[in-house]
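Coordinates in review
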Amino acid sequence: MKRKIHILGASGSGTSTLGSSLSKVLPHIHLDTDDYFWKTKFTKQRQVPERRRMLQKDLSQNESWILSGAVCGWGDMFINYFDLVIFIWIPQDIRLERLKKREFQRYGNEISAGGSKYEQSKTFLEWASLYDSAGLEVRSKTLHEHWMAELSCPILKIEGDCSVNERVNLVYDYLKSN
């Protein structure tokens with residue numbers, strides 16, 4: 001059984017959802033990089049050394065874990081920890097629609113023109129829309145593929161618009177056969 005699993009993909013692709021769902025059927029705890037990256041959720045970032053210390057502590061205290069979210073760049077020191085990396089990709093239109101709904105669930109009308117979160121939400125969605133077309137300069141599919149090419153552990157790619165249960169079953173079946 002793979003004990004140290006990392007799930008990555010674009011914002012809105014379902015990495016956190018898959019990590020949380022897998023932790024309910026596997027003997028793994030779920031950790032999410034957002035909890036290390038953000039000092040104040042989605043507004044103020046932690047400094048890289050602090051993120052690394054916090055994540056290092058949690059990874060070393062747990063024998064089996066699932067880490068969702070990207071660590072490319074700031075968390076490269078953890079690459080050798082991973083027994084399995086799962087890459088999730090879904091079509092951009094579906095992903096961006098999910099993100100718009102999530103933004104509205106979080107902030108309501110504050111994301112509408114004139115609202116207090118309008119600029120923040122607009123900037124975030126513009127950034128998220130770059131994932132499939134940008135190069136190595138931002139969190140992108142190109143960056144993730146480049147990063148995964150350097151890994152020595154197995155990589156399971158789940159591409160397309162699958163339900164959470166379908167993804168859980170794909171991972172579970174992979175783990176049983178490997």
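Structure: see above.
This section reports on the structure supplied with the text.

Rules used in this analysis
- Residues numbered from 1 in each chain as written.
- Predicted model: local features only at pLDDT ≥ 70, side-chain atom pairs only at ≥ 80, totals over all residues.
- Heavy atoms only, no water.
- Helix = DSSP H or I, 4+ residues; strand = E, 2+ residues; numbered from the N terminus.
- Rg over C-alpha atoms; globule rule 2.2 N^0.38 Å.
- Buried < 20%, exposed > 50% of the residue type's maximum accessible area, 1.4 Å probe, protein only.
- Contact = heavy atoms within 4.5 Å.
- Areas by Shrake-Rupley, 256 points an atom, 1.4 Å probe, with all protein chains shown as cover.
- Lys, Arg positive; Asp, Glu negative; His and termini not counted.
- Charge placed at Lys NZ, Arg CZ, Asp CG, Glu CD.
- Expected span 1.5 Å × (residues − 1).
- Arc of directions from axis to C-beta.
- Phe/Tyr/Trp six-rings, centres within 6.5 Å; stacked < 30°, edge-to-face > 60°.
- Lys NZ or Arg CZ within 6 Å of the ring centre and 35° of its normal.
- Core = buried A, V, L, I, M, F, W, Y, C linked by side-chain atoms within 4.5 Å.

**Looking at the overall build of the chain**
Secondary structure summary: the chain contains seven helices and seven strands in total. The N-to-C order of helical and strand elements in the chain reads β-α-β-α-β-β-α-β-β-α-α-α-β-α. The C-alpha atoms of the chain give a radius of gyration of 16 Å, which matches the 16 Å a tight globule of 178 residues would have. Principal axes of the C-alpha set define a box for the chain whose edges measure 50 × 35 × 30 Å. Taken across its 178 residues, the chain has 42% of its residues classed as buried. Within the chain, contacts between residues at least 6 apart in sequence are counted, and of these 69% link residues at least 24 apart. Carbon and sulfur atoms make up 49% of the accessible area of the chain, which amounts to about 9,400 Å² in all. Distance between charge centres in the chain, computed from 25 positive and 22 negative side chains, equals 5 Å.

**Structural notes on helix 4 (residues 92–107)**
Between its first and last C-alpha atoms helix 4 spans 22 Å; for 16 residues at 1.5 Å apiece the expected length is 22 Å, and the two agree. Along helix 4, the residues classified as buried are Arg-95, Leu-96, Leu-99, Glu-103 and Tyr-107. Each buried residue of helix 4 lies within a common arc of 95° when the element is viewed along its axis, so the set occupies one face. Turned more than 90 degrees off the buried face of helix 4, the exposed positions are Asp-93, Lys-101 and Gln-105. Its buried side turned inward, helix 4 meets helix 5 (118–129). Gly-108, located one to two residues past helix 4, shows a positive phi value of around 60°.

**Points about the packing of aromatic side chains**
Counting across every chain of the model gives six aromatic pairs. Look at Phe-37 and Trp-38: their rings are 5.0 Å apart centre to centre, the planes differ by 70°, and that puts the pair in the edge-to-face class. Judged by relative accessible area, which is 17%, Trp-38 ranks as buried. For the cation-ring pair, Arg-51 lies above Trp-74, with the distance from its terminal atom to the ring centre recorded as 5.3 Å.

**Details of the nonpolar core**
Soluble globular proteins tend to bury their nonpolar side chains together. Counting residues in each nonpolar core, the largest one holds 23 residues, and the members touching the most others are Leu-55, Phe-82, Val-85 and Trp-147. Contributions of two or more residues to this core are made by helix 2 (34–37), helix 3 (48–61), strand 5 (65–68), strand 6 (84–89) and helix 6 (141–149). Dropping the residues within four chain positions of it, Phe-82 is found in contact with Lys-4, His-6, Trp-65, Leu-67, Val-71, Trp-147 and Cys-153.

**Brief notes about helix 5**
Side chains of residues three or four places apart in an α-helix project in the same direction, reflecting 3.6 residues per turn. Helix length check: helix 5 (12 residues) gives 16 Å between terminal C-alpha atoms against 16 Å at 1.5 Å per residue, within 8%. Within the sequence span of helix 5, burial applies to Ser-121, Leu-125 and Ala-128. Around the axis of helix 5, the buried residues are gathered within 60° of arc, so they sit on the same side. Where helix 5 is buried, its residues meet helix 4.

Any functional reading would require information beyond the geometric quantities listed.
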